[in-house]
Amino acid sequence: MTEETHARFSPSKLPRIIQCPGSVKLIEALNAEQTSSSAAEEGTYLHGVIAEHLLAGLGTITRQLHKDPRKHQEYKDACEDILFWVSQLHAQHAGLAPVTYIEHRVSLASLAPTHDCEYLRDVAGTADYIFVCAGTLYVCDWKFGKGVIVEPDSDQLKAYAAGALAAAFPGLCTKVVLTIIQPRIPFDPVKSVEYTVEDINRWVYYDLVPALNKIDLEIPLLCPSEKACKWCPLAKDPSKCRARYEMAQQVASDVFSVFAKLPQNQPQNVDLVTPEELSELMQKIPMLDQYIKDIKGYALHQIASGRDIPGYKVVRGRSLRKWVDEEQAQQALELAGYAVFELSEVKFYSPAQVEKVIGKKK
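Residues numbered from 1 in each chain as written. Predicted model: local features only at pLDDT ≥ 70, side-chain atom pairs only at ≥ 80, totals over all residues. Heavy atoms only, no water.

Caption draft 1: Seen up close, the overall build of the protein. A tally of regular secondary structure across the protein gives 14 helices and five strands. Principal axes of the C-alpha set define a box for the protein whose edges measure 80 × 55 × 50 Å. Expressed as a percentage of its 362 residues, the buried residues of the protein come to 38%. Taking as baseline every contact in the protein between residues at least 6 positions apart, the subset at least 24 positions apart corresponds to 66%. Distance from the positive charge centre (40 side chains) to the negative charge centre (46 side chains) of the protein: 4 Å. (Helix = DSSP H or I, 4+ residues; strand = E, 2+ residues; numbered from the N terminus. Buried < 20%, exposed > 50% of the residue type's maximum accessible area, 1.4 Å probe, protein only. Contact = heavy atoms within 4.5 Å. Lys, Arg positive; Asp, Glu negative; His and termini not counted. Charge placed at Lys NZ, Arg CZ, Asp CG, Glu CD.)

Have a look at this one:
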């Protein structure tokens, strides 16, 4: 599970590298590689659970996954959804003797001589599940996040497919199916996209190799965008990337220049701003929103650490008083003659809270 983190260009980093090749040297120079998080550690743990049960041929979870019963049930449901999907994939190909790989190390090193790109030797990672049958290569990836929905047409999965095709199945497949299973999102937890082998080869030739070849440009090619900056280690420290700062300035300029053209009190002149201009603007706004959030977080951290930012200081926020022991407070108030219904309210759970109590499937 940790192999991918040792690759200089792990497939999970490729969406950023392809969009912004100059970020590679900048991140390395600043020693700013992404640190682990509780969400990443949770994902690593659940990937291990899936691998353990697939290797044992088990379709149901056989051990306690968390000491908290609700958390255990949440983990169990998510893992069993994936195990069930894998069993269905096998059932669809019964009698065809498929080849499967679980937590399989994939490298693009063998493609380096063909494309005259030495950096391809540094692209390697671990694919969650590879299934090959009847000329079709299935590359499957488990995602356990609950917030950001991941699509299967990703550079990460294309890299796994390219490596598998080159190293293990050259000439044996004609079709590639990339699948993301994200069991903890409420809708469409399984998404797939289909490509030909030629599509994957074209992606390597036209997208990946040109980006890798631009890493060593004398003037770094920095191309900040919503996609490139989303998981960039520099995103939380806006002072480290001048290109993102200049991008934000330009986006802000675009936003206010279009706003100035909007018909404030003249609805009949709506054509002052075309639908195309509004569409282009709406696509830029999330980049500016995220940059503003990152700037605020960075500034707060700097001031709290003792650094002076002229005109700003940290002040104590509004405090919320809470019971140290709610049950003891309730008992004391009842003894004083107050009824519980006078001091509390019944509030119906949200759908997410109900789901945690009764289980997602129910």
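Caption draft 2: Spatial organisation of the environment of tyrosine 338. Positionally, tyrosine 338 belongs in the loop between helix H12 (326–335) and helix H13 (340–343). By relative accessible area, tyrosine 338 is classed as partly exposed at 46%. Discounting residues that sit within four places of it in the chain, tyrosine 338 has contacts with Leu333 and Leu343.

Caption draft 3: Structural detail: the side chain of arginine 16. Among the structural elements, arginine 16 can be located in helix H2 (residues 14–19). Setting aside chain neighbours within four positions, we find arginine 16 in contact with Ser23, Val24, Ile27, Ala228, Cys232 and Pro233.

Caption draft 4: A look at the nonpolar core. Membership of the largest hydrophobic core comes to 40 residues, with the highest contact counts inside it found for Phe9, Leu14, Leu120, Leu137 and Leu212. Looking at this core element by element, the count peaks at eight residues for helix H8 (residues 197–213). Beyond its immediate stretch of four places on either side in the chain, phenylalanine 9 contacts Leu14, Ile17, Val24, Tyr119, Asp122, Val123, Ala124, Leu212 and Ile215. Formed by 23 residues, the second largest nonpolar core is a distinct cluster that contains Leu54, Tyr75, Tyr138 and Val177. (Core = buried A, V, L, I, M, F, W, Y, C linked by side-chain atoms within 4.5 Å.)

Caption draft 5: Fine view of H8. Relative to the 24 Å expected for 17 residues at 1.5 Å per residue, H8 spans 23 Å between its end C-alpha atoms, a close match to the ideal helical length. Roughly 30 degrees is the biggest bend found in H8, and it falls at valine 204. Those residues of H8 not exposed but buried are Val197, Ile200, Trp203, Val204, Leu208, Val209, Ala211 and Leu212. (Expected span 1.5 Å × (residues − 1). Bend = angle between axes of the 7 residues up to and from the residue.)

Caption draft 6: Spatial organisation of the environment of alanine 166. With respect to the helices and strands, the residue alanine 166 is situated in helix H7 (residues 155–167). We classify alanine 166 as partly exposed; its relative accessible area is 26%. The contact partners of alanine 166, leaving out residues within four places of it in the chain, are Ser110 and Leu111.

Caption draft 7: Quick look at the sheet that holds strand S4 (residues 175–181). Pairing in this open sheet of five strands is mixed, and the strands run S1-S2-S3-S4-S5 from one edge to the other. Strand pairing shows two members of the sheet lacking a second neighbour, strand S1 (99–107) and strand S5 (190–196), which therefore form its edges. With strand direction ignored, the average angle separating the axes of adjacent strands in the sheet is 25 degrees. Along the sheet, helix H4 (residues 38–55) makes contact with S1, strand S2 (124–133) and strand S3 (136–142), crossing S1 at roughly 140 degrees. Each of S1, S2, S3, S4 and S5 touches helix H5 (residues 69–92); the most contacted strand, S2, lies at about 40 degrees to it. (Pairing = 2+ DSSP bridges. Axes fitted to C-alpha atoms, helices over the stretch in contact; angles between N-to-C directions.)

Caption draft 8: Region of interest: unusual backbone geometry. Positive phi is not limited to glycine here, since alanine 97 has a value of about 50 degrees. Residue placement: alanine 97 occurs in the loop between H5 and S1. Although it is not a glycine, aspartate 116 adopts a positive phi angle of roughly 50 degrees. Judged by its relative accessible area of 69%, aspartate 116 is exposed.

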